[in-house]
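# Results of the structural survey
One letter stands for each residue in the lines below.
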Amino acid sequence: MLNYVIRRLLVAVPTLLILIIICFYLMQTAPGGPFTSERPLPPQVLANIEAKYGLDQPHYKQLYNYVVGIVTQFDFGPSYQYKDRSVNDIISQGFPVTLTYGFISFVVATIVGVSLGVIAAIRHNTALDYIAVGATFSAQALPNFVMAPILIYVFTLKLGLLPGGGWNGGQWQYLVMPVIALSTSFFASVARITRSSMLEVLNSNFIRTARAKGLPETTIIWRHALKPTLMPVVSYLGPAFVGMITGSVVIDIYFSTGGIGRFYVNSALNRDYAVMLGLTILYGGLTVLFNLLTDLLYAWLDPKIRY
Amino acid sequence: MKMTSKTLVGALLATTLIASPLYAAGTHPSTGEALADNQSFTYRLLDEHSSVDPQIVEDTSGADIVRDLFEGLYNQDADGNLVPGVALSHTTNDAKDVYTFSLRDNAKWSNGDAVTAGDFVYGWRRLLDPATASPYAWFGELMSIEGASAVLAGEADPSTLGVTAVDDHTLEVKLTASLPYFALMTTHGSTFPTHQATVEAHGDQWTKPENIVSNGAYVLTEHVPSERSVRVRNSMYWDNDNTILETITSLVINDENVALTRYLAGELDKTDVPAGQYPKLNAEYPDQAHSNPRLCNYYYTFNMSGNGNPAFDDVRVREALSLAVDRSVITDAVLQGGQFQAYTFTPGLTAGFVTPDVPSASMTQAERDAKAMELMAEAGYGADNPLKFDMLYNTSEGHKKIAIAMSQMWKQKLGAEAVLANQEWKTFLETRGNQDFELARGAWCGDYNEASTFLDLLDSGSGYNDGKFNSARVDELLTMAKTSSDTQPLYTEIEQIIATEIPVIPVYHYTRVMMLQEDVKGWPFENIEQNVYSKDLYVVAE
């Protein structure tokens, strides 16, 4: 097990390196640069600014310096767009915001989704099932960029219950709408996967055996059916978790949270190379980490899997 | 004398009370209006500003904040006229190439240091020093300061710049040419002073709230990137006694419809009106919806570099395309925010500029269309030989609507087929800057209130002249205008050349369409540059 974890972490190093290289060269091929502006900079100014950020050096050297900076000093470089901030500043400000609303949304989506899925499965083909299925389909059909303005319209303008956006250090009033908007489509997916997986498990032989032995239904569901049901759910939740905590540009745009998703999109548009690379590494690292955790969870859920 | 903490607090309170008279719950010192208890102002920003460093900032949202945090030689009043800032007055020599500014002796930085002429010298050198890499360095060059070009090119030391602190309160500026509107340019943020010790101590980080030292009516107290920025009154500001607004908060809200919803819910005091919604909002909230002229133009430029569409070499084709654009459809049906139809490049409300008579402006649209069809036929284009060209704009819903409307007009009236292409901003700039287009969108907001801020864009040597229009006469007239005391005939001739040669299709001149809560007063609606000084705003009691 430990060997497996170490091996996986070691493989992550070249994976991330390849990610950095691809990302770096993709950025370089995009037209325009960080200092392209409507009125072109005088050559001397451009030369100076490029020298300041090391952009006058050959690509391989820029890349090398960047990676060395990360490894030796954990320095992800400066932002070219926001001169008084480094990539580390941007991550340390935006990531906690995104992590907060992403994590809460994840928990909400998982609890609501799994409960709804299980209820729908054990009350298969009853009114409860139809309501649950109806709810998940509606939730899935409502993308968050439609949901967000509607929520703001209802809760802020019409009811006057919640602030229409902002973060304010993450007070709960500011969290409600981002969490609803972000978790909706996720809980719908979780519920649908849980429902179909549970239905399959409930029809399997070992459940029939358990029922034949006369075990009460609650014990069957909790003790025997739930764990195998969660297998496909977990494989969905791993990447979904990374997706949620690395932010949603839609949430950031509509709720002005100051989260990291908006920075990521902006960095690409502004050709803010270091910010873009830094955030890509963060996303890449988290993806690798949570894929590993998902695999470890598998082993716990399914005794047949051993590493 | 030994001070106990109680007496200290008492003393502090007393000085605070003396230093800042409590206007809250009082009346306005000059208008006598009853003031609200809560003197705070919250407004929407489209996106995070790039910087609050006067010499670095390049976006208008950042420039608005800089205007509150720093103060230059002159400010503008509600009508856009110059009023004293740090400078009380100035004199010039007969040749108008040496300006001497007398600075007030009570101006202070937020840390208590006196604002001196040396601070301006430092700021201006910093603007032009290639090491600063200011995106607005060209503005210093445009101001014709002696030595600016050499400093900017790295050929001379910044200390050779023609700006001198004669003494602490006298600033002398030498120009390479007589520039009648020089003083007007000192309201631009890039000419504001900066505090040398702070910049040197903190480097790029000096603009963070914990480091910044500024000399304006407000100080920066909080900045959460992409969320909010807060500025509060600067107790050291020389005119703090007459400043009423206590706190100004800018919130970054990317989506304009969400911003409008939040405005209507009372969370904002000011926001922008999304395109097309002005008539409805104006009907519903006549006292809150405002549309005021803005010093900006919107146009399409032909590529005249030789790389473009050969059909555009024919002036008849360019003229036909320009004539066939029904500006009223764009202003009244697409934008609906009181924008002005444009037949000249320079907005009509630019100071000291009278819109010249150009033939197309006085024609009816039916006459324009008839002439356009005639010209196209003469140029050899018709149903059997339709004109086909590419039309480029930067990605935006608004630009798309306008491009579609224009291309439809050309299709219906002239049978011409415009192939629309949009690119995201940086790619667009690169494409346009490399003359890799046929017809491209352009827009410009004046950096100062004088026609040359627009017409300079058509100078053959201008870095912004992406269409590469090249007219020796226009260049000559622009050079003459720099030093002329009567510029109107020169600008009239330039506009007439533009109207005949048609290097660009002027489409409309901007308005700023916004919602402002009724209780906020002092907004400079008549200032066409839309330079807002928060120290002049106040909130009245309901």
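Residues numbered from 1 in each chain as written. Chains lettered and ligands numbered in written order. Predicted model: local features only at pLDDT ≥ 70, side-chain atom pairs only at ≥ 80, totals over all residues.

### Digging into the overall build of chain B
Scanning chain B from N- to C-terminus turns up 18 helices and 19 strands. Relative to the globule expectation of 24 Å for 542 residues, the C-alpha radius of gyration of chain B, 25 Å, shows essentially globular dimensions. In terms of overall dimensions, chain B has a C-alpha envelope of 100 × 55 × 40 Å along the principal axes. Of the contacts formed within chain B by residues at least 6 apart in sequence, a portion of 68% connects residues at least 24 apart. (Helix = DSSP H or I, 4+ residues; strand = E, 2+ residues; numbered from the N terminus. Rg over C-alpha atoms; globule rule 2.2 N^0.38 Å. Contact = placed C-beta atoms within 7 Å.)

### So, the overall build of chain A
Looking only at helices and strands, chain A features twelve helices and zero strands. Walking chain A from its N terminus toward its C terminus, one meets helices and strands in the order α-α-α-α-α-α-α-α-α-α-α-α. C-alpha extents for chain A along the principal axes are approximately 85 × 55 × 30 Å.

### Focus on the interface of chain B and chain A
Taken together, the contact between chain B and chain A spans 45 residues of the former and 40 residues of the latter. When contributions to the side of chain B that touches chain A are tallied by element, the ones reaching two or more residues are α4 (137-142), β10 (247-252), α8 (256-264) and α15 (425-433) of chain B. When residues of the side of chain B that touches chain A are assigned to their parent elements, the largest contribution, seven residues, is made by α15 of chain B. When the residues that make up the side of chain B that touches chain A are grouped by side-chain class, the tally is 20 nonpolar, 13 polar and twelve charged. (Nonpolar A, V, L, I, M, F, W, Y, C, P; charged D, E, K, R; others polar.)

### Section: the pairing of strand β15 (residues 417-423) of chain B
In the case of a regular strand, side chains alternate between the two sheet surfaces. Residue and element names in this part refer to chain B. Two elements, strand β14 (residues 388-394) and β15, share seven bridges in a ladder whose sense is parallel. If you follow K388 over to β15, its bridge partner there is E417. Handedness of the crossover joining β14 and β15 through helix α14 (residues 397-414): right-handed. (Pairing = 2+ DSSP bridges. Right-handed = clockwise from strand over helix to strand, strands pointing away.)

### Description of the environment of D68 of chain B
All names here are of chain B. Following the sequence through the fold, D68 ends up in helix α2 (residues 60-69). Looking at D68, the number of C-beta atoms within 10 Å reads 23, which means it is buried. Between the C-alpha atom of D68 and that of S214, which follows or precedes it by 146 residues, the distance is 9.4 Å. Among all residues touching D68, those that are not within four sequence positions of it are G216, A217, Y218, R231, I248 and S534. (Buried ≥ 20, exposed ≤ 12 C-beta atoms within 10 Å, placed from the backbone.)

### So, the confidence of the model for chain B
Residues and elements named next belong to chain B. Taken as a whole, chain B shows an average pLDDT of 91; of its residues, 95% reach a score of 70 or greater. Contacts of residues 1-24 to residues separated by more than four positions or lying in other chains number 13 contacts, the stretch itself having pLDDT below 50. We note a pTM of 0.87 for the whole complex and an ipTM of 0.86 for its interfaces. (pLDDT = per-residue confidence, 0-100.)

### Structural notes on the nonpolar core
One recurring pattern in soluble globular proteins: nonpolar side chains tend to sit buried together. By size, the foremost hydrophobic cluster in this structure holds 127 residues, and its most contacted members are F187 and V190 of chain A together with V66, L69 and L128 of chain B. The dominant element in this core, judged by the number of residues it contributes, is helix α7 (residues 172-202) of chain A, at 13 residues. Ignoring any residue separated from it by four or fewer positions in sequence, one finds L128 of chain B in contact with A137, G140, A148, V151, L152, P158 and L161 of chain B. Counting 64 residues, the second largest nonpolar core, distinct from the first, contains Y299, Y343, F437 and V474 of chain B. (Core = buried A, V, L, I, M, F, W, Y, C linked by C-beta atoms within 7 Å.)

### Quick notes on the sheet that holds strand β5 (residues 98-103) of chain B
All names here are of chain B. Overall, antiparallel pairing links the four strands, which are arranged β4-β5-β7-β6 in an open sheet. Each having just a single partner strand, β4 (87-92) and β6 (163-167) make up the two edges of the open sheet. Strand-to-strand, the axes of this sheet are offset by a mean angle of 25°, without reference to chain direction. As paired strands, β4 and β5 are joined by five bridges and run antiparallel to one another. For T91, the partnering residue across the bridge sits in β5 and is T100. Lying on the sheet, helix α3 (residues 117-128) is in contact with β5, β6 and β7 (170-174); it crosses β6 at an angle near 170°. (Axes fitted to C-alpha atoms, helices over the stretch in contact; angles between N-to-C directions.)

### Considerations on the environment of L260 of chain B
Its location among the elements puts L260 of chain B in helix α8. A sequence separation of 255 residues divides L260 of chain B from M515 of chain B, and the C-alpha atoms of the two residues are 8.3 Å apart.

### Overview of unusual backbone geometry
The bulk of non-glycine residues show a negative phi, and the bulk of peptide bonds are trans. The phi dihedral of S256 of chain A is positive, around 50°, even though this residue is not glycine. Within the element layout of this structure, S256 of chain A appears in the loop between α10 (249-255) and α11 (260-270). The exposure class of S256 of chain A is buried, given the 29 C-beta atoms found within 10 Å. Of note, K468 of chain B is a non-glycine position whose phi angle comes to about 55°, a positive value. Within the fold, K468 of chain B resides in the loop between α16 (452-455) and α17 (472-483).

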